[in-house]
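Tertiary structure, described
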Amino acid sequence: MNLAKFTLYYVIYTLILAGIAYALPFLFPHVTLLVNKFWLVFGFLGGLTYIAYLTAFFGIKIDPQAGVMAIMGSIVLKMIFSLAFVLIYSLNSTEKGIVFALNFFSLYLLFSFFEIYSLLCNLRHQNK
């Protein structure tokens, strides 16, 4: 999968996730499902995932033999920046921690799933 194709699929995937997140408060009006700064968390994880993909993608292109190491390195960097974000957000927020944790880690897992699937598609095409 080339970079332009990934970017197109990623934008579509992100818009679908954003549409679902936008609809949730209307579908469940009496339940607090999203934190107040949900879109900050969404944008941070969306941007971070794209940067992590670019890092792994170019790492695979530079040295295909070290492709798995490039993928693992981008995932570790993404995790470190995500944990730093959680720490900073938690120190500056007075909201319920469980709602933030569910929002953050569900988005983290959804974005990571798409990133890893796309990177594994790149590795699969190299092995053929």
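Calculation criteria
- Residues numbered from 1 in each chain as written.
- Predicted model: local features only at pLDDT ≥ 70, side-chain atom pairs only at ≥ 80, totals over all residues.
- Heavy atoms only, no water.
- Salt bridge = Lys/Arg side-chain N within 4 Å of Asp/Glu carboxyl O.
- Helix = DSSP H or I, 4+ residues; strand = E, 2+ residues; numbered from the N terminus.
- Buried < 20%, exposed > 50% of the residue type's maximum accessible area, 1.4 Å probe, protein only.
- Phe/Tyr/Trp six-rings, centres within 6.5 Å; stacked < 30°, edge-to-face > 60°.
- Expected span 1.5 Å × (residues − 1).
- Axes fitted to C-alpha atoms, helices over the stretch in contact; angles between N-to-C directions.
- Parallel < 35°, antiparallel > 145°, perpendicular 65-115°, else oblique.
- Left-handed = near helix turned anticlockwise from the far one by under 90°.
- Contact = heavy atoms within 4.5 Å.
- Nonpolar A, V, L, I, M, F, W, Y, C, P; charged D, E, K, R; others polar.

Turning our eyes to something else, we now look at the pattern of salt bridges. Counted by the stated rule, this structure contains 1 salt bridge. Taking the shortest distance from any N to any O, the salt bridge between Lys 78 and Glu 115 comes out at 3.3 Å. Residue Lys 78 is located in helix H3 (residues 67-92), and its partner Glu 115 is located in helix H4 (residues 97-127); the two are separated by 37 residues in the primary sequence. For the pair shown, Lys 78 and Glu 115 are each scored as buried.

Here we come to the packing of aromatic side chains. Taken as a whole, this structure holds 24 aromatic pairs when the rule is applied. Taking 6.0 Å as the distance between ring centres and 50 degrees as the angle between the ring planes, the aromatic pair formed by Tyr 10 and Phe 111 counts as tilted. Of the two residues, Tyr 10 sits in helix H1 (residues 3-27) while Phe 111 sits in helix H4, which places them 101 residues apart along the sequence. The exposure classification of Tyr 10 matches that of Phe 111, with both residues buried. Between Phe 38 and Trp 39, the aromatic rings sit 5.0 Å apart at their centres with planes inclined by 80 degrees, giving edge-to-face as the arrangement. The exposure class of Trp 39 is partly exposed, given its relative accessible area of 43%.

Over its 25 residues, helix H2 (residues 38-62) runs 36 Å from end to end, which matches the ideal 36 Å to within 8%, given 1.5 Å per residue. Listed as buried for H2 are Phe 38, Val 41, Phe 42, Leu 45, Gly 46, Leu 48, Thr 49, Ala 52, Tyr 53, Ala 56, Phe 57 and Ile 60.

What follows covers the packing of H2 against H3. Helix packing geometry: the angle between the two helix axes and the distance between the axes. At a minimum axis distance of 8 Å, the contact between H2 and H3 shows a crossing angle of 160 degrees. As the angle between them shows, H2 and H3 are arranged roughly antiparallel. The interaxial crossing formed by H2 with H3 has right-handed handedness. From H2, Leu 40, Val 41, Phe 44, Leu 45, Leu 48, Thr 49, Ala 52, Thr 55, Ala 56, Gly 59 and Ile 60 reach across to H3, where they touch Gly 67, Ala 70, Ile 71, Ser 74, Lys 78, Phe 81, Ser 82 and Phe 85. Taken together, the residues of the contact of H2 with H3 break down into 12 nonpolar, 6 polar and 1 charged.

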